[in-house]
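Results of the structural survey
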Amino acid sequence: MATFPTDEGDSAQKWYYDVFLSFRGEDTRHGFTGHLYQALCDKGFKTFIDNEDLQRGEEISAELIKAIKSSMISIIIFSQNYAFSTSCLEELTKILECKKNGQRVLPVFYKVDPFDVRRHKGSFGLALTTHEKKFENNIERVLRWKAALYEAANLSGWHYKDGFPEYQFIQGIIRVVSSTKSNHTKLFVAQYPIGVDSRAKVVENLLDIKSNDVRVVGIHGLGGIGKTTIAKAVYNRVADLFEGSSFLMNVRQNSRKDCSIIELQGQLLSEILGSKELKVHNTSRGINVIKERLSCKKILLILDDVDKLGQVENFLGKCDWLANGSRVIITTRDRHVLTTLEIDPLIYEVVQLDRHEALQLFSKCAFKKDKPEADYLQLTNQFISYANGLPLALQIIGSDLCGRSIRQWESELEKYKDIPNKKIQNILKVSFEGLDKNEHDIFLDIACFFQGLSKNYVVDILAACNLYPDSGIPNLIDKCLIRVEFDKLWMHDLIQQMGREIVQQESNVLGKRTRLWCYDDALEVLKENTGSDEIRGIMLCSHKPTTVTLAANTFKRMRNLKFVIVHNVHIRKELKYLPNGLRLLQLPNYPFPLPSNFCPQKLVTLEMPGSCIRLETLFKQEFQFQNLKSINLRGRESIENLPNLCAPNLEYSDLKSCKNLVECPESIGFLHKLQELYLSGCEKLQNFPSHLMWKSLRYIDVSFFSSVDFFSLFRDNHLSFEGLYSYCCKNIVDLEDFIYKLPPPEILCIYTAKSRPWCDPCQMRKSYAFLDLSNVQNLDLSNAGNLIELDLLMKSDYFPILEGLYLNEINIITIPESITKFTRLDTLGIKCCKYLREIPRLPRSIRRVQILNSHSLHPQSSNRLFSQFGALWQPRQNPSDLNDYGLVLPGSEIPKWFNHQSDGNSISFWVGRDCDYHKFVYCVVLGLNQRTVKVSLKFNGINSTYCWFPLGITGFLDLTCNHVFFFILPSWFGHLNLLERNRVEVEFECDFYYFGGDSQILRCGVHAECICPLVQHLSTDALPPTSIPAFPICSISNTVTPSPHLLNSCLELSHSNSTYNDFDSPLEGSHDDGCDSSLSLCTSPMGRNYPPPQAQVTSHISFPKLRLGLPVLGIGSHFCEAVHWGSSPTAHNFVSDDDFNWYSPSNSDDDSDFNLYSPSKKRRKS
């Protein structure tokens, strides 16, 4: 387990005394009590004894009350005259009050019968009768004493009788005190206090100690992430609030033998009951003994590192006997253990360390200080990236590097890339060792070949290998070995390295390993023909285009081969053999026909775009291809006729740009499970099946056709689908005829290059009277260059349920006012409409607007959109209503009403306890080639939220200017427990992995109600004790260039008298705050950087109310995107890189990009 240090929290009781002695001085001070006190002191227990006899009836002092409250244990010595002292009775009531806060109370009945104390008999009854007479006007006080005596007499304690050796009696008390003291001793958490305290507070909030119900809380995460450390910190904070507590370490490891389980059961009983005299002889009896002895106690039990449900049952049975107020914490790598408990647990998923925490922990281990040495900074960042937020790795690597030279650091870094650290690997491998054989193979296949790919894609392939991934992959997720994000399979970098290291350890001979993914290793085996039947998968992927010559029969010795993956490699020599057992064949641009004896009946995915295969040879008519799900033969120009294909489970077929394809057989029409069919660019296609039985079809692309009348086919076969895409179909005579023949899809994309003028609206209305467009939810009008007005189609009665309107490369100048009549329209996407100037007020249903490369848009339209979004968001009280609102416009400036702005990709500020982060509004200026934006939001150093936001520009990377993106975070994140002052850190990142280059967040802004100090109020006394740079201030001098740490700052907000022209007028309905985005650099399309204008000094500062909130934006108009825009980011699916030709945009000479707030026009006029 990873080790973190922790600061003790407010919940942890601070004991000053080990023992408080309550007694009647005249009875036992110079006898039993004195002997007990001396014995306790001799054993090292800090014991409080009142050295002054209080007179009968005297009230107890404040000092005495303080001593009682600060004692871990109170020992009450009931003697003959105890109850005659009102001060003793007051002590007793105070002690029992402290018992509720975790103090242990031990009664000693010294030469008195416990029955007399409980039932108020003998001297105790006489004393209480006396008090009733004396306090007849305050009888409630006497009743309180009676209740206290009754409660105390029912507690477990000791009864001393004459004749029993006193020293032996006292030793029995010492043993219990010693055991109690031992149980209350704080656990060592870790050496360095990095990151745990905030995480422990989250778990403590889940425990909700004040609640009187029974709760089980699971701490779940991958090995080395700090589950045990967090549990220790929580134990130290709350253990004293229970009647008994026990922390059972390493349950998994200690449960391998029955005798070990018995020892753990005995430890549990001993720690909670404070006695080692109770013995357990077998596991089954131990379960019942635990239940019988602890069912009346409010206990805290922590079971550390559990990996099987039976390990929990060994201590708790069915969890149905726990007393009210009890709490159980279970740490585990396997979520399934928690979800199968008899009682529903609350689960905390431990988050990795953020970069600031990782830097601090690594620096502590490697340099013994908070920050790295300057010469080591670059290497430090590389090691932190390697560890990827895993505390175990940071601690082990940092400690190993401590005191070493830079050269040694560089050598270690290179070694770690090839040879993982054994200590780290041994911890991570524990989860892998708990898998069955099928799960082993699933995990290793993903680690070696399939990370980052679609889950459904991988499931289909692995299912054909008889690995049962529908159950195996969820098990891997439960064990934190993989995770699913955006329907893609991912794993921690060190987990992947661990998996690949397991494969490398299989054999020192490359050809005898089960999987080859390294280019050099795979190339060596393929060139030298040294493979074997052990190999189940081989990947030959080069970082740059490469030409290789492989042995013709290189695959003949790999008869168990399941996966062949080739990328960016041109094979110069024809292959004579391929195994028939292949499930995945990726062989793009292969210039030879496949072997004539190759018949892959088990094939699931065939990806050979641009290759020269003979389909009639590959798909022999006498064979069925039951497993085949996906075919990609894009750009296969030699195909003229498709063979009859018996593949009843085919779901995806991509035949784009098969320019010589003339005929498709009738069998294609009977593919009942076909979901996506792409035939764009098949210009010579003439013969197509007349009977189409496509019951599952979702998307079809029939762009650039000249002969086949697909639309009549669709109508005649009564087909319905989500998306129909048609581009430049030359055989369409009239637009109204084109639409008339369509089925009622949910997505209607009209991409036509007709040159004739559009017909008269009245004539169109007559034609439309016969159309069924009632199901059209998304209308895409693109590439119609001569279309200059939309009034023709913008009739709400034509499209009664229209939700999305997409316009791409059309020559419209304005959006018609009639758009307001589409009361269900929520998405407007506009790309490359270079003449578009006016966008009217949109319907109130609008949620997403994206305008890309449309440089002529008038600033008034931009301001109108800002204003309308503000008006739409403001009335909504429920943050979930705002989850998928978003706005993207061309520009390089952040609007002035964002009171926190920064160059770069991060910003920080301070908020109060009542802060609602759901109301934060975010803004980023994006450079080129960005697909998604990741937002990380941290409160007081702990990651509270993070989320990816698709921008909807997949496949559209030739952006000619910067764009501004506005959004808010989704509301599915939980409530935050905030302090009076809370540091908020926001970091934005772009997903640029597939595109190359650097993340281009040029500047960012957040609108939030903050408590940042104003510059005139700032003093050194205001600075909080933190290693983070000084917190931001709310105004910046115009005489000094801002220092780097002030770039992440609050900009001043002013209500000073200002004048604006149309270009920089404030938003409608918003405060004229005049906020100056003076820290921004303005970037032109040619990439020139202009210095920021000087900030203006004002005398009046105010904080306008939150006006806007813009979250997830996702608008996709390209026919290949197939994007479902749901309310959760996990609903978004992206196409593969091969769908588009990615390239870096060249510099443009067009200076027409629109800066939302021009630098030349944003200075105040006073």
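Look a little higher up for the structure.
Residues numbered from 1 in each chain as written. Predicted model: local features only at pLDDT ≥ 70, side-chain atom pairs only at ≥ 80, totals over all residues. Heavy atoms only, no water.

Turning our attention to the pairing of strand S25 (residues 804-808). Walk down a regular strand and you will see the side chains alternate between the two sheet faces. Among the 5 residues of S25, 5 are classified as buried, and the element is accordingly described as predominantly covered. Burial of S25 is two-sided: the residues Gly804, Tyr806 and Asn808 facing one way and the residues Leu805 and Leu807 facing the other way are all buried. Across 5 bridges, the pairing between S25 and strand S26 (residues 827-831) is parallel. Residue Asn808 lies in a different strand from S26, and its bridge partner there is Lys831. (Buried < 20%, exposed > 50% of the residue type's maximum accessible area, 1.4 Å probe, protein only. Helix = DSSP H or I, 4+ residues; strand = E, 2+ residues; numbered from the N terminus. Pairing = 2+ DSSP bridges.)

A word on the packing of aromatic side chains. Going through the model one piece at a time under the given rule, you end up with 37 aromatic pairs. Measuring from ring centre to ring centre gives 6.3 Å for Phe78 and Phe124, while their planes differ by 70°; the resulting arrangement is edge-to-face. With Phe78 in strand S3 (residues 71-78) and Phe124 in helix H6 (residues 122-134), the pair connects residues that are 46 residues apart, well separated along the chain. Accessibility classification places Phe78 together with Phe124 in one group, the buried group. Here the aromatic rings of Phe898 and Phe966 are separated by 6.0 Å at their centres, their planes lie at 35°, and the arrangement is tilted. Note that Phe898 is positioned in the loop between strand S28 (886-890) and strand S29 (900-903) and Phe966 in strand S34 (residues 963-967), a separation of 68 residues in sequence. By way of ring pairs, the aromatic residues Phe362, Phe367, Tyr376, Phe383, Tyr386, Trp409 and Tyr416 are connected into one cluster. Positioned above the aromatic ring of Tyr16, the side-chain terminus of Lys46 is 3.5 Å from the ring centre. The side chain of Lys656 reaches across the aromatic face of Tyr678, ending 4.9 Å from its centre. (Phe/Tyr/Trp six-rings, centres within 6.5 Å; stacked < 30°, edge-to-face > 60°. Lys NZ or Arg CZ within 6 Å of the ring centre and 35° of its normal.)

Of note in this structure, Asn568 is not a glycine but carries a positive phi near 65°. Within the secondary structure, Asn568 sits in strand S15 (residues 563-571). For Ser657, which is not glycine, the phi torsion reads 60° and is therefore positive. Take Ser657: it is sitting in the loop between strand S19 (652-654) and strand S20 (676-678). Judged by its relative accessible area of 31%, Ser657 is partly exposed.

Using the criterion set out here, one finds 0 disulfides in the structure. Between Cys402, a free cysteine, and Cys365, which holds the nearest cysteine sulfur, the sulfur-to-sulfur gap is 8.6 Å. Of the residues examined, Cys402 reaches a relative accessible area of 32% and is grouped as partly exposed. This cysteine, Cys833, is not joined by any disulfide, and Cys832 carries the nearest cysteine sulfur, 7.5 Å off. (Disulfide = S-S within 2.5 Å.)

Within the element layout of this structure, Arg104 appears in strand S4 (residues 104-110). Look at Arg104: it is buried, it has no salt bridge, and the nearest opposite charge is Glu243 at 9.2 Å. Here the side chain of Arg104 touches Leu273 through a polar contact of 3.1 Å, landing on its backbone oxygen. Beyond its immediate sequence surroundings of up to four residues, Arg104 is in contact with Met72, Ile73, Ser74, Val176, Thr180, Leu273 and Gly274. (Lys, Arg positive; Asp, Glu negative; His and termini not counted. Salt bridge = Lys/Arg side-chain N within 4 Å of Asp/Glu carboxyl O. Polar contact = N/O pair within 3.5 Å; in protein donor to acceptor, adjacent residues only side chain to side chain. Contact = heavy atoms within 4.5 Å.)

This next bit is on the nonpolar core. Residues Phe362, Ile397, Trp409, Phe443 and Phe450 are the most contacted members of the largest nonpolar core, which totals 88 residues. No other element matches helix H21 (residues 437-450), which puts 8 residues into this core. Excluding its chain neighbours within four sequence positions, the residues that come into contact with Ile397 are Phe362, Phe383, Tyr386, Tyr416 and Ile424. (Core = buried A, V, L, I, M, F, W, Y, C linked by side-chain atoms within 4.5 Å.)

Turning our attention to the layout of surface pockets. By volume, the second largest pocket amounts to about 940 Å³. What lines the second largest pocket is a set of 34 residues, and nearest its centre among them are Arg104, Ser156, Leu273, Gly274 and Lys297. When residues of the lining of the second largest pocket are traced back to their parent elements, those giving at least two are S4, helix H8 (166-184), strand S7 (244-248), helix H12 (258-273) and helix H13 (283-294). In terms of residue count, the dominant contributor to the lining of the second largest pocket is H8 (7 residues). A per-class count over the lining of the second largest pocket returns 11 nonpolar, 13 polar and 10 charged. (1 Å grid on protein atoms, 1.4 Å probe; cavity = no way out; pocket = protein on both sides within 12 Å on 5 of 7 lines; lining within 4 Å. Points joined across faces, edges and corners; volume = space filled by probe spheres on them. Nonpolar A, V, L, I, M, F, W, Y, C, P; charged D, E, K, R; others polar.)

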